[in-house]
Each structure stands twice: as C-alpha cells, then as structure tokens.
Amino acid sequence: MSASPEESLVQQWTSEQARLRQQLVEEDTEDWQKSPGFSGLERVGGVDLSFIKGDDVNACAQLVVLSYPDLELLYENSQMVTLTAPYVAGFLAFRETPFLIEALQQLERDKPELLPQVVFVDGNGIFHYREFGLACHLGVLSGLPCVGVAKNLLQVQGVYKSEEHQSQIAALQKGGDSFPLTATSGKVLGKALRSSDKSSKPVYVSVGHKISLDAAVRLTHSCCRYRVPEPIRQEMVQ
DNA sequence: GCGACAG
DNA sequence: ATCTTGTCGC
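What counts as what
Residues numbered from 1 in each chain as written. Chains lettered and ligands numbered in written order. Predicted model: local features only at pLDDT ≥ 70, side-chain atom pairs only at ≥ 80, totals over all residues. Heavy atoms only, no water. Phe/Tyr/Trp six-rings, centres within 6.5 Å; stacked < 30°, edge-to-face > 60°. Helix = DSSP H or I, 4+ residues; strand = E, 2+ residues; numbered from the N terminus. Buried < 20%, exposed > 50% of the residue type's maximum accessible area, 1.4 Å probe, protein only. Near = heavy atom within 4 Å. Salt bridge = Lys/Arg side-chain N within 4 Å of Asp/Glu carboxyl O. Polar contact = N/O pair within 3.5 Å; in protein donor to acceptor, adjacent residues only side chain to side chain. Expected span 1.5 Å × (residues − 1). Contact = heavy atoms within 4.5 Å. Axes fitted to C-alpha atoms, helices over the stretch in contact; angles between N-to-C directions. Parallel < 35°, antiparallel > 145°, perpendicular 65-115°, else oblique. Left-handed = near helix turned anticlockwise from the far one by under 90°. Nonpolar A, V, L, I, M, F, W, Y, C, P; charged D, E, K, R; others polar. Pairing = 2+ DSSP bridges.

**What about the packing of aromatic side chains?**
Taken as a whole, this structure holds 5 aromatic pairs when the rule is applied. Plain terms: the ring middles of W13 and F94 are 4.8 Å apart, the flat faces sit at 10 degrees to each other, and that makes the pair stacked. Note that W13 is positioned in helix 1 (residues 5–21) and F94 in helix 3 (residues 92–110), a separation of 81 residues in sequence. Here the two residues W13 and F94 agree in accessibility, since each one is buried. Ring plane angle 45 degrees and centroid distance 6.3 Å describe the contact between F91 and F94, whose orientation is recorded as tilted. According to the relative accessible area criterion, F94 is buried, its value standing at 16%.

This is the structure we're talking about:
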C-alpha cells in the first residue's frame, strides 16, 4: 500500500520535528531572564502571518521589534508572501516558519543592532502534540529565545476544554494569574494566563526555546496592555 | 462513526 | 487565519 501525498508529507514533517527537537533548550539561557525585573532586556520581537478573506495562499509576514519595558515601536517589517505548504494542525511551522526566518535574517542584515532578544510567536511552543510547536521550531532555527502565545486552547496530551478547565479559568481573578496545563505524563506543558485585568479569556503560554516557563509567563504578562502581548498585537492592529 | 483540529 | 457592525458595560 502506498501513502497519499498528504500522508507522506506528514511523515516527513514528523521526523523533521523529532530531529529539530533534539536541539531544543527549555531553560533560561540569558542573564536578563533570571533578573526579577528583566533588567538587561531592551528589545522584544513579535512575528505573525495574516491573511485576507478567501485567500489562504497569499499572506502578510510581519516582524516588529519593541523597546522594553516601554513597548515602543523600534522596527517594523511587512512583506507579502506566497505560501506553499498546507495548514495541518500540529505542523503549522512548516507553513509559516520560512517567511518568519526570512524576516529575521533581513533584520539581521539591515539593522543587526535591532535584533530582538526574545521573540513572541503567535502559536504554541512545547504545548503541542509532539512538544514542538511553531515557537520551538522558530526558536531552534533562529537560535533566538522564543515564547509561544496561543489565543485558543489546543486540546492535547490530556488537556481538555473540560468543565474543570472552565472553572480554573473562572478562578483567574486578575492580570498575571495563571494555572498550569499538565499532560497526562505529569509534565507541565504551559500555562493559561490571564494576561490583563480586563480580559477574562486567557492566553496559552508555553516555552518556545531558550527560556523557562516561569520567565515566559512573567514576560508575557509584562508585555500585555490588552489580552494579546503587544509585540504580536501590533501586527494584528496595523 | 463523531468530534477535534495552534494559525 | 478570515467572514463582520453595532452595541452594551465599565
């Protein structure tokens, strides 16, 4: 029996994820990450692809860099791109990463002094079927610390939208409150974070690369004026 | 068979 | 991801 093109693509992608995963670093590697107020952190980045109506082939790849802690715009780059890979849940990175890497390389070439010290990614990191989501993929390929922030819950490894999950959300009282997303294995894969006082719907934060979950959650909260962290929200707004 | 499925 | 304006509440 021969596999369909889709099946063999997914097989290929699965082994590529496993290969890259060996290079993943799930701990703090930078001095600023260990400081309570993140002193030494001056630039935070955000990446995203946005689409229009009935078109899932053409998209706008965006990279912004903001100052920290003021969150003022230091750099912005938007580029129309043509996607080739299909969207398959669990393999988002293969669709989006090439264009995000391209944007980061362009920045490194043109204004290396503006390279971000950490990148917020619209999607999951470790909180993923095979613990290697978009934020991990981009982190390993770029070598930059990355944080995954998803706006919707991915039901994975025993984490479900159960009534218990809903009541845990209801118990998040103020911005900064969070609860762990624990796999059946017992490993904490991420945290649901109430990112601001005003929004009752949490965001789902997980380690991308070269940062601890604790630092990732604290940093995400400190970059939120609204529900979505500013480095990612900037793009959606513009 | 049915539901779930980051973006 | 996107389709979609106003509206209600603080």
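**With respect to the protein's contact with DNA strand C**
Around DNA strand C, the structure places F51, K53 and K151. Take the atoms of DNA strand C that sit within 4 Å of the protein: sugar and phosphate atoms are 100% of them.

**Overview of the pattern of salt bridges**
Using the criterion set out here, one finds 11 salt bridges in the structure. R21 is paired through a salt bridge with E131; the nearest N and O atoms lie 3.0 Å apart. In this pair, R21 is assigned in helix 1 and E131 in the loop between strand 4 (118–122) and helix 4 (134–142), connecting sequence segments 110 residues apart. By relative accessible area, which is 24% here, R21 ends up partly exposed.

**Looking at the environment of R95**
With respect to the helices, strands and loops of the structure, R95 is situated in helix 3. Owing to a relative accessible area of 9%, R95 belongs among the buried residues under this scheme. Sequence separation between R95 and T84 is 11 residues; the distance between their C-alpha atoms is 7.1 Å. Side-chain polar atoms of R95 contact the backbone oxygen of A85, separated by 2.8 Å.

**Notes on helix 3**
Here helix 3 is 19 residues long and its end C-alpha atoms lie 28 Å apart, about the 27 Å a rise of 1.5 Å per residue gives. Within the span of helix 3, buried status applies to A93, F94, R95, E96, T97, F99, L100, I101, A103, L104, Q106 and L107. Structurally, helix 3 contributes buried residues whose contacts are with helix 1, strand 1 (43–52), strand 2 (55–67), strand 3 (73–82) and helix 4.

**Topic: the packing of helix 3 against helix 4**
At a minimum axis distance of 10 Å, the contact between helix 3 and helix 4 shows a crossing angle of 40 degrees. Comparing their axes, helix 4 and helix 3 come out oblique. Here helix 3 and helix 4 pass one another in a crossing that is right-handed. Contacts between helix 3 and helix 4 involve L92, A93, F94, E96, T97, L100, I101 and L104 from the former and L134, H137, L138, L141 and S142 from the latter. Taken together, the residues of the contact of helix 3 with helix 4 sort by class into 9 nonpolar, 3 polar and 1 charged.

**Observations regarding the pairing of strand 1**
Residues in a regular strand point their side chains to alternate faces of the sheet. For strand 1, a buried count of 7 out of 10 residues is recorded, marking the element as mostly surrounded by other parts of the structure. By the bridge criterion, 10 bridges tie strand 1 to strand 2 in an arrangement that is antiparallel. If you follow G45 over to strand 2, its bridge partner there is V65. Once strand 1 ends, the chain turns through 2 residues before running back antiparallel as strand 2. Relative to strand 4, strand 1 runs parallel, the two being bridged by 4 bridges. Looking at the pairing, V44 lines up with V118 of strand 4.

**A look at the protein's contact with DNA strand B**
Around DNA strand B, the surrounding shell holds 21 residues, and the nearest of these are Y87, N124, K151, N152 and Q155. Protein-proximal atoms of DNA strand B, defined as those within 4 Å of the protein, fall in sugar or phosphate at a share of 56%. Between DNA strand B and the protein, one listed contact pairs a phosphate oxygen with a backbone N or O atom of K151 at 2.9 Å. Separating a sugar or linking oxygen of DNA strand B from a side-chain N or O atom of Q155 is a distance of 3.0 Å. Per element, the largest residue contribution to the surface near DNA strand B is 3 residues, and it comes from helix 3.

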